[in-house]
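Here are the chains, one letter per residue:
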Amino acid sequence: MTPTILTQSTNPPPLRIPRRDVSAHKGNFGRVLLVGGSRGMAGSVSLSSIAALHTGSGLVAAAVPDCILDCVAGFHPAIMTHGMSDDGQKFADSAWESLRERLPAQAAVGCGPGISRGPGSATIVAGLLAKKDLPVVLDADALNIIAEQDWLRDDRFQRSSNDAACVLTPHPGELQRLTGASANDVDAQLKAAEKLTGRLGWTIVVKGGPSHVVSKRDGQPGSIWQNTTGNPGMATAGCGDVLTGVVTSLLGQGLSGSDAARLGVWIHGRSGDEAAARVSLAGMTAVHVLDSLAIVADEMTTDASERDGI
Ligand SMILES: NC(=O)C1=CN([C@@H]2O[C@H](COP(=O)(O)OP(=O)(O)OC[C@H]3O[C@@H](n4cnc5c(N)ncnc54)[C@H](OP(=O)(O)O)[C@@H]3O)[C@@H](O)[C@H]2O)[C@@H](O)CC1
Ligand SMILES: Nc1ncnc2c1ncn2[C@@H]1O[C@H](COP(=O)(O)OP(=O)(O)O)[C@@H](O)[C@H]1O
Ligand SMILES: [Mg+2]
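Residues numbered from 1 in each chain as written. Chains lettered and ligands numbered in written order. Predicted model: local features only at pLDDT ≥ 70, side-chain atom pairs only at ≥ 80, totals over all residues. Heavy atoms only, no water.

Per an unreviewed UniProt entry, the recorded name for the chain is ADP-dependent (S)-NAD(P)H-hydrate dehydratase, and the organism is Rhodopirellula islandica. We quote the UniProt Sequence similarities (unreviewed entry) comment for the chain here in full: "Belongs to the NnrD/CARKD family." If you open the UniProt record of the chain and go to Subunit (unreviewed entry), you find "Homotetramer." (UniProt positions renumbered as here; feature names shortened; annotations may be inferred.)

As structure tokens, then:
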């Protein structure tokens, strides 16, 4: 059976967040943590962290292997960095112990960009999946670890409607590793995501041109929403890392998994469109998308709906 796709025909976002009160302070917009990076991939977790700032998070920190801390800290002065034990390249087995102490303070955590695979990374991913009171976004090698460890064979990491959101952001290659659905068959990817969502209560962003958000809403399985923003200029290294930070930011601002994923995918594509207009399809990079995000972020708020007369 072909899944039903809810297509959005106009350009406004699928939902809005409230505009900032004049007396707002940074604590009102969520403290979020991005976990990832390894030697050679310091940029990935930095892109995610800066994207969270550009989407409105009040306080953003990156938890990274000690060996790349200085590099990550150098990308943006507003990002805090927490160095975790490493094996010279990536997280060591003991990194989870220091990471877990920081989790109670977080409104949401995003994990995976640049993390690389290994026992230290796998312990972190298992720990985050098991912490069902913490909203989490999993991407990149965090997803490949789930596939490698065969953690989908049972329902141990299922989240009920009373649990915090768990959002996965696989590209078609990662989704194929997770579910076996061919990376070249969008219908098969959506069906596989629908099945996983129904069974585990997670929200899944099936990335592509266009991206889809598959979620269980109001306890019912099988809602598929198709995004309308974005362009092939976004087929460039690091654009997915930016999305991880965007969705983490929106979870940290109190949105549900489904809402954070849909609004996140929409504003991510919108910033891609802005970057294409400012630069060019061929020449735009994830850094242009990141910069454009800061320009278009208010389009998510009720301020913009008043302006648009919606
Ligand atoms: N600056 C940094 O630090 C950066 C760090 N990064 C980090 O690098 C890590 C590796 O991430 P990755 O996505 O590059 O590699 P991987 O998981 O092997 O996937 C590629 C495989 O999937 C397949 N595939 C099929 N369809 C596809 C599709 N539509 N989109 C994409 N792939 C598709 C594809 O098939 P093929 O290209 O052969 O057709 C290939 O076999 C990750 O941690 C990430 O965060 C990057 O973000 C860049 C910037
Ligand atoms: N042709 C396209 N049209 C629209 N969006 C695209 C297109 N190609 C890639 N994207 C977007 O760019 C991002 C790429 O993610 P990903 O493959 O994980 O990149 P990376 O791991 O390099 O950061 C996704 O959000 C995807 O939807
Ligand atoms: Mg990616």
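In the structure shown here, the tally under the stated rule is one aromatic pair. Over the ring of phenylalanine 29 we find arginine 20; its NZ or CZ atom is 3.6 Å from the centre of that ring. (Phe/Tyr/Trp six-rings, centres within 6.5 Å; stacked < 30°, edge-to-face > 60°. Lys NZ or Arg CZ within 6 Å of the ring centre and 35° of its normal.)

Before going further, it helps to spend a moment on the site of ligand 2. Ligand 2 sits among 15 residues. The nearest are Lys207, Ser211, Gly238, Gly240 and Asp241. For ligand 2, a nitrogen atom lies 3.3 Å from a polar atom in the backbone of asparagine 231. A distance of 3.3 Å separates an oxygen atom of ligand 2 from a polar atom in the backbone of methionine 234. In isolation ligand 2 offers 580 Å² of accessible surface; the protein chains occlude 77% of this area. At three residues, the largest contribution of residues to the shell around ligand 2 is made by helix H8 (residues 239-252). Tallied by class, the residues present in the shell around ligand 2 amount to five nonpolar, eight polar and two charged. (Near = heavy atom within 4 Å. Polar contact = N/O pair within 3.5 Å; in protein donor to acceptor, adjacent residues only side chain to side chain. Areas by Shrake-Rupley, 256 points an atom, 1.4 Å probe, with all protein chains shown as cover. Helix = DSSP H or I, 4+ residues; strand = E, 2+ residues; numbered from the N terminus. Nonpolar A, V, L, I, M, F, W, Y, C, P; charged D, E, K, R; others polar.)

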